[in-house]
Amino acid sequence: MTNLRKPANPSHCPYCKGNGYFQLRLGGSETCTVCQGSGKK
Ligand SMILES: [Zn+2]
């Protein structure tokens, strides 16, 4: 079973990796402006 390839979800936002927001280093989070926080493309 070496052919276990996980198909990348094409509908998720590649910018925030589908999270819908960014985790800021200084604390808190910022809504992804690319997907408007939906996490989808
Ligand atoms: Zn996004």
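Look above for the structure.
Note that the structure is predicted; figures quoted are calculated from it, not measured. (Residues numbered from 1 in each chain as written. Predicted model: local features only at pLDDT ≥ 70, side-chain atom pairs only at ≥ 80, totals over all residues.)

Q: What exactly am I supposed to notice about the environment of Val34 here?
A: Mapped onto the secondary structure, Val34 falls in the segment after strand 2 (29-31). Through-space distance from the C-alpha of Val34 to that of Tyr15 is 7.1 Å; in sequence the pair is 19 residues apart. (Helix = DSSP H or I, 4+ residues; strand = E, 2+ residues; numbered from the N terminus.)

Q: Quick question: what am I supposed to make of unusual backbone geometry here?
A: What is expected of a backbone is that most residues other than glycine have negative phi and most peptide bonds are trans. Even without glycine at this site, Lys17 takes up a positive phi of about 60°. Checked against the element boundaries, Lys17 lands in the segment before strand 1 (21-23). For Lys17, a count of 12 C-beta atoms within 10 Å puts it in the exposed group. The phi angle at Gln36 is positive, at roughly 60°, despite the residue not being glycine. Examined against the element boundaries, Gln36 turns out to sit in the segment after strand 2. Take Gln36: there are 11 C-beta atoms within 10 Å of it, and that puts it in the exposed class. (Buried ≥ 20, exposed ≤ 12 C-beta atoms within 10 Å, placed from the backbone.)

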